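So you can see what is in the structure, the chains are spelled out below.
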Amino acid sequence: MTIKTIFLDRDGVINKEVGYLYRVTDFIFIQGVFDACLYFQNLNYKIIIISNQSGIARGFFNENDYLKLTEWMLGQFNNNGIKILDTFYCPHSPKSHCECRKPKPGMLIEAKNKYNISMKDSWMIGDKETDLEAANLAGITNTILVRSGHLIDESNSNSMFTIDSIRQSKEVIKT
Ligand SMILES: [Mg+2]
Ligand SMILES: [Zn+2]
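Presented here is a report on the structure given in the accompanying data block. All figures in this text were calculated on a predicted structure; none of them were measured in a lab. (Residues numbered from 1 in each chain as written. Chains lettered and ligands numbered in written order. Predicted model: local features only at pLDDT ≥ 70, side-chain atom pairs only at ≥ 80, totals over all residues. Heavy atoms only, no water.)

### Considering the sheet that holds strand E1 (residues 5-8)
- Pairing is parallel across the open sheet formed by six strands, whose spatial order is E3-E2-E1-E4-E5-E6. Two strands close off the open sheet at either side, each with one partner strand: strand E3 (86-90) and strand E6 (161-163). Pairwise comparison of adjacent strand axes, ignoring direction, gives a mean angle of 20° for this sheet.
- Where E1 meets strand E2 (residues 46-52), four bridges bridge the pair, whose relative direction is parallel. Note on E2: the bridge partner recorded for Leu8 is Ile49.
- Sheet strands touched by helix H3 (residues 106-115): E1, E2, E3 and strand E4 (123-126). Its angle to E3, the strand with the most contacts, is close to 150°.
- Contacts from helix H4 (residues 129-137) reach E4 and strand E5 (142-146), with the element oriented near 175° to E5. (Pairing = 2+ DSSP bridges. Helix = DSSP H or I, 4+ residues; strand = E, 2+ residues; numbered from the N terminus. Axes fitted to C-alpha atoms, helices over the stretch in contact; angles between N-to-C directions. Contact = heavy atoms within 4.5 Å.)

Okay, structure coming up:
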């Protein structure tokens, strides 16, 4: 049995991109994120969050700060009837050349192996081209770039779809 999954980048997709976010008070959910996730659940998708958190390696916050914020965030999802299957994060800096930092596909492949995910039936939603690159390298062809985070160059994007925010994802994810 395989499962299908919506992989979400965090910053710029779930919450407003503020740069090296680690405090609950700075975490603002993007409008429509809960509705979109309920919609995904109704289509029998699992939801997994895949996030680069180099702020840890850079010393802006520590692993415990990240985990505390994650616990709070998952509680908010839970209060809205949404179960996040898992969260993966890369704590390393670009200089470390690890296998997990997007655009490397390490976190996605780890998730795939852990949950037996059918990548061809799954989606990646990101606000950076590197999110989609990681997805493609992991065998995910269904990609959505959102305009709700980092500034994007739509004319040079390899995304399958580009939309304003996760709120519009139901217009492209139908089954
Ligand atoms: Mg992002
Ligand atoms: Zn890493």
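### Structural notes on the coordination of the magnesium ion (ligand 1)
- Only Asp9 (OD), Asp11 (O) and Asp127 (OD) from the protein coordinate the magnesium ion (ligand 1), and they sit 2.1 to 2.2 Å from it.
- All donors of the magnesium ion (ligand 1) belong to a single chain; written as a sequence motif, their spacing is D-x1-D-x115-D.
- Judged by its relative accessible area of 7%, Asp9 is buried. (Donors = N, O, S within 2.8 Å, 3.2 Å for Na, K, Ca; no water. Buried < 20%, exposed > 50% of the residue type's maximum accessible area, 1.4 Å probe, protein only.)

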